[in-house]
Amino acid sequence: MLSQVVVVGASAAGLTAAEALRREGFAGELTVIGDEVHPPYDRPPLSKQILRGGWEPDRIVLRTADLLADLKASWLLGTPAAGLDPVGRKVVLADGREIGYDGLVIATGATPRRLPFGHDVAGVHLLRTLDDTLALRDGLRSAGSVAIVGAGFLGAEVAAVAREARLEVTMIDPLPAPMIRQFGAELAGLLAQLHQSRGVNLRCGVGVTALTGDDGRVTGVDLSDGSHVTADLVLVAIGAIPATTWLAGSGLSLGDGVECDQYCVAAPGIVAAGDVASWHHPGIGRRRLEHRMNATEQATIAAKNLLGAQLPFAPVSYFWTDQYDVKLQVYGRSGDDLDFRIVAGTPTEDRFAALYGNGHHVTGALTWNLPRQARLLRTHVANQTPWQEALASIPTGELEVGR
Ligand SMILES: Cc1cc2nc3c(=O)[nH]c(=O)nc-3n(C[C@H](O)[C@H](O)[C@H](O)COP(=O)(O)OP(=O)(O)OC[C@H]3O[C@@H](n4cnc5c(N)ncnc54)[C@H](O)[C@@H]3O)c2cc1C
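A quick note: this is a predicted structure, and the numbers were derived from the prediction, not measured. (Residues numbered from 1 in each chain as written. Predicted model: local features only at pLDDT ≥ 70, side-chain atom pairs only at ≥ 80, totals over all residues. Heavy atoms only, no water.)

Here the focus is the UniProt feature "domain: FAD/NAD(P)-binding" (unreviewed entry) in the protein. What UniProt calls "domain: FAD/NAD(P)-binding" (unreviewed entry) maps, in this numbering, to residues 4-299. Helix and strand shares over residues 4-299 are 24% and 32% respectively, and the end C-alpha atoms of the span are 18 Å apart. (UniProt positions renumbered as here; feature names shortened; annotations may be inferred. Helix = DSSP H or I, 4+ residues; strand = E, 2+ residues; numbered from the N terminus.)

Now for the packing of aromatic side chains. What the rule picks out here adds up to six aromatic pairs. Ring geometry for W279 against F313: centres 5.0 Å apart, planes inclined by 45°, an arrangement best described as tilted. Taken together, the positions of W279 in strand β22 (residues 277-281) and F313 in the loop between α8 (292-306) and β24 (318-323) put the pair 34 residues apart, joining distant regions of the chain. An identical accessibility class is assigned to W279 and F313; each is buried. Between Y318 and W320, the ring centres sit 6.1 Å apart and the planes meet at 20°, which makes this aromatic pair stacked. When its relative accessible area of 13% is taken as the criterion, Y318 is described as buried. Classification of W320 by relative accessible area gives partly exposed; the value is 22%. Grouped by ring-pair contacts, the aromatic residues Y318, W320 and Y331 constitute a single cluster. (Phe/Tyr/Trp six-rings, centres within 6.5 Å; stacked < 30°, edge-to-face > 60°. Buried < 20%, exposed > 50% of the residue type's maximum accessible area, 1.4 Å probe, protein only.)

As a further point, take the sheet that holds strand β26 (residues 339-346). Strand order in this open sheet of five strands is β24-β25-β28-β27-β26, and the pairing throughout is antiparallel. Across the chains shown, the open sheet's two edge strands, defined by having one partner strand only, are β24 and β26. Looking at each pair of strands side by side, their axes are set apart by 15° on average, direction ignored. For strand β27 (residues 351-357) and strand β28 (residues 362-368), the ladder comprises six bridges, and the chain directions are antiparallel. In the strand pairing of β28, A353 is matched with T367. Docked against the sheet, helix α7 (residues 185-197) engages β24, β25 (326-332), β26, β27 and β28, running at close to 15° with respect to β28. Of the strands in this sheet, β25, β26, β27 and β28 touch helix α9 (residues 371-383), which is tilted by about 175° from β28. (Pairing = 2+ DSSP bridges. Axes fitted to C-alpha atoms, helices over the stretch in contact; angles between N-to-C directions. Contact = heavy atoms within 4.5 Å.)

Bringing the pattern of salt bridges into the picture now. Across all of its chains, the model carries 14 salt bridges by this definition. Ionic pairing is found between E19 and R63, a salt bridge with its closest N-O pair at 2.6 Å. In this pair, E19 sits in helix α1 (residues 12-23) while R63 sits in the loop between α2 (49-52) and α3 (65-70), placing the two residues 44 residues apart along the sequence. Residue E19 is classed as buried on the basis of its relative accessible area, which comes to 18%. K90 is paired through a salt bridge with E98; the nearest N and O atoms lie 3.6 Å apart. Classification of K90 by relative accessible area gives partly exposed; the value is 28%. (Salt bridge = Lys/Arg side-chain N within 4 Å of Asp/Glu carboxyl O.)

Among the five residues in strand β10 (residues 145-149), five count as buried, and that is most of the element. Burial along β10 is two-sided: the face carrying S145, A147 and V149 and the face carrying V146 and I148 are both buried. Where β10 meets strand β11 (residues 168-173), five bridges bridge the pair, whose relative direction is parallel. Bridging from a neighbouring strand, S145 pairs with E168 of β11. One ladder, built from four bridges, connects β10 with strand β16 (residues 233-236); its direction is parallel. Note that in β16 the partner of I148 across the bridge is L235.

This part covers the domain arrangement of the protein. Domain boundaries in the protein define domain 1 (4-111 + 241-307), domain 2 (114-238) and domain 3 (325-393). On a C-alpha basis, the centres of domain 1 and domain 2 stand 30 Å from each other. The partner domain 2 presents 16 residues to the 17 residues of domain 1 that form the contact. Between the two partners, domain 1 and domain 2, sit four salt bridges. Between R137 and E56 there is a salt bridge, and its shortest N-O distance comes to 3.0 Å. For the interface between domain 1 and domain 2, the tally reads 11 residue pairs in polar contact (both at pLDDT 80 or more). (Domains from an automatic or database assignment. Polar contact = N/O pair within 3.5 Å; in protein donor to acceptor, adjacent residues only side chain to side chain.)

Take T300: it is sitting in helix α8. Here the side chain of T300 touches T296 through a polar contact of 2.8 Å, landing on its backbone oxygen. When near neighbours in sequence (up to four residues on either side) are disregarded, T300 contacts T16, A20 and R23.

Attention now moves to the site of the ligand. Contacts to the ligand come from 33 residues, most closely from D35, E36, R43, K48 and D275. For the ligand, an oxygen atom lies 3.0 Å from a polar atom in the backbone of W320. Starting from 1000 Å² of accessible surface for the ligand in isolation, the protein chains cover 96%. Every element with two or more residues in the shell around the ligand is listed here: α1, β2 (29-34), α5 (153-164), α8 and β24. No other element matches the three residues that α5 contributes to the shell around the ligand. For the shell around the ligand, the class distribution of residues is 16 nonpolar, eight polar and nine charged. (Near = heavy atom within 4 Å. Areas by Shrake-Rupley, 256 points an atom, 1.4 Å probe, with all protein chains shown as cover. Nonpolar A, V, L, I, M, F, W, Y, C, P; charged D, E, K, R; others polar.)

In structure tokens:
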């Protein structure tokens, strides 16, 4: 029976784990450690409603102060964890304090990857936290031109918001089209068309070799083809790396994240969840997901397993992104190594649904402005419907195109 649980990371996964522990009957001492000063808040609206200026930060708090108080946890916010001693069962804080535990949840998420140069001048932004977002929002208000390095989901969402604000936007990526790794060439091609039709200057297939500056302020971006993009604000959105620096030397297995088994267990008495966790999905193999819903689902299972359950974590993953007036929703696996087939609607109608498959069965489902159909197609992902069977069944009326 555990008497002292520490959760490191006070965001979606950490909060969910703390709540699940209490719900499952854990009555001992609960401590939540977070390096941000803010109580838990939601990240997806940062690059959408908050950046656009439609919402203020109070809209994205994940729980009211009363609900947080009901958890009867000690909240150590603005207090980074700096080390872990799994033998002595202690978390070491940056200020030198040591917090003992007999159960530990690691939920430290991910931090933005940086370019090896250029981050020391004003006007160069990263985007992960509320503070990053407010700084970027301020910057966009006074910028005329923006260069976005990286055409993944964050870069693409920010490009959309910046174009809606009528800024001059250039989005740069060494790969041939936006989000091609996640979605494959066909869908990425449609995303490229979407951004170009909205006025984004898309520079794909080129890298960034330097950020240029004048008097301590960024002035633009040098590209690998010898060209230069002028910009008075640069967003670097080139992916995120799991936040495991504080675990160096702990003896935990740190590959692409904290390596866990299928029960989200990293070591005796230690589980991990959310963006920081790389776990063994029973059906698919080792995975790490940077998806909002995964943070909640995984933290719930990890907390139960910390209390003694033995539940393998085998979700049908879910991810969405909003760009301009397009909502993309994805269940399961979608990628450039998979078959892709549109099964309802068409891109010209600006709403369609598609399946991904691995030659045998359905691995993923994607909808473009068809939210209701996303849930229907999820069944094929969950059931791993044979590819031909799924293709044959859908046109017979299972899916009707309508929002
Ligand atoms: C701008 C943005 C938009 C997004 N949009 C979408 C979307 O549309 N759809 C979607 O599915 N997903 C989206 N995501 C991803 C989603 O938000 C993440 O998957 C989710 O936040 C992961 O939750 P987490 O708790 O695992 O990690 P995080 O939310 O990263 O939380 C980890 C917390 O731990 C803290 N921490 C890190 N190191 C330490 C330490 N040493 N000590 C103490 N605390 C520490 C961090 O500061 C952070 O507060 C978006 C992410 C971002 C950044």
